[in-house]
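Chain by chain, the residues run as shown.
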Amino acid sequence: MSLEQSFDSNFRYVLVAARRARQLQSGSQPLVESHSRKACKIAQDEIAAGKVSYVKSDTPVHKPEIAGADIPKFAIS
């Protein structure tokens with residue numbers, strides 16, 4: 001598998017293709033004509049045609065502070 005031009009990693013490409021394949025399996029209409037009937041291949045064809053891309057959010061993810069139980073801390077000396 002080669003890295004597509006619009007993706008910064010193979011991992012992101014796989015995530016986008018998998019999400020689009022799930023949409024296709026849930027009943028979404030294909031955006032391009034494909035010789036395949038499999039959702040994974042159709043999603044890859046859509047990405048290759050430039051019909052599907054991703055938007056990378058620049059906002060950092062903030063995890064909420066959750067007060068947990070008092071956990072004893074051990075000093076290592």
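Described in the following lines is the structure provided in the data block. What you are looking at is a predicted structure, and each value in this text was computed from that prediction instead of being measured.

This next bit is on the overall build of the protein chain. Counting its secondary structure elements, the protein chain contains two helices and zero strands. Taking all 77 residues of the protein chain together, the buried fraction comes to 18%. The long-range share in the protein chain, meaning contacts at least 24 apart out of those at least 6 apart in sequence, stands at 35%. Accessible area for the protein chain stands at about 7000 Å²; split by element, carbon and sulfur atoms hold 54% of it.

In this structure, E46 sits in helix 2 (residues 39–48). A polar atom in the side chain of E46 sits 2.7 Å from the backbone nitrogen of L31. The contact partners of E46, leaving out residues within four places of it in the chain, are R20, L24, P30, L31, V32, K51 and V52.

On to helix 2. For helix 2, every residue scored as buried is listed here: A39, I42, A43, E46 and I47. Buried residues along helix 2 cover an arc of 140° about the axis, so they all sit on one side. For helix 2, the elements touching its buried residues are helix 1 (10–25). Just downstream of helix 2, G50 is the residue with a positive phi angle, here 85°.

Before going further, it helps to examine the layout of surface pockets. The computed volume of the largest pocket comes to approximately 230 Å³. If you trace the largest pocket, you find it lined by R12, L15, V16, R19, R20, Q23, V52, S53, Y54, V55 and K56. For the lining of the largest pocket, the class distribution of residues is five nonpolar, two polar and four charged.

Let's shift gears to the nonpolar core. One finds F7, Y13, V16, A17, I47 and V52 forming the largest nonpolar core, which totals six residues. For this core, the element with the highest residue contribution is helix 1, accounting for three residues. Beyond its immediate chain neighbours, meaning those up to four positions away, F7 contacts R12, Y13, V16, I47 and Y54. If you look at the next biggest cluster of nonpolar residues, it comprises five residues, including A21, L24, I42 and A43.

Cut-offs used in this document
Residues numbered from 1 in each chain as written. Predicted model: local features only at pLDDT ≥ 70, side-chain atom pairs only at ≥ 80, totals over all residues. Heavy atoms only, no water. Helix = DSSP H or I, 4+ residues; strand = E, 2+ residues; numbered from the N terminus. Buried < 20%, exposed > 50% of the residue type's maximum accessible area, 1.4 Å probe, protein only. Contact = heavy atoms within 4.5 Å. Areas by Shrake-Rupley, 256 points an atom, 1.4 Å probe, with all protein chains shown as cover. Polar contact = N/O pair within 3.5 Å; in protein donor to acceptor, adjacent residues only side chain to side chain. Arc of directions from axis to C-beta. 1 Å grid on protein atoms, 1.4 Å probe; cavity = no way out; pocket = protein on both sides within 12 Å on 5 of 7 lines; lining within 4 Å. Points joined across faces, edges and corners; volume = space filled by probe spheres on them. Nonpolar A, V, L, I, M, F, W, Y, C, P; charged D, E, K, R; others polar. Core = buried A, V, L, I, M, F, W, Y, C linked by side-chain atoms within 4.5 Å.

The quantities given are spatial measurements derived from coordinates; they are silent on function.
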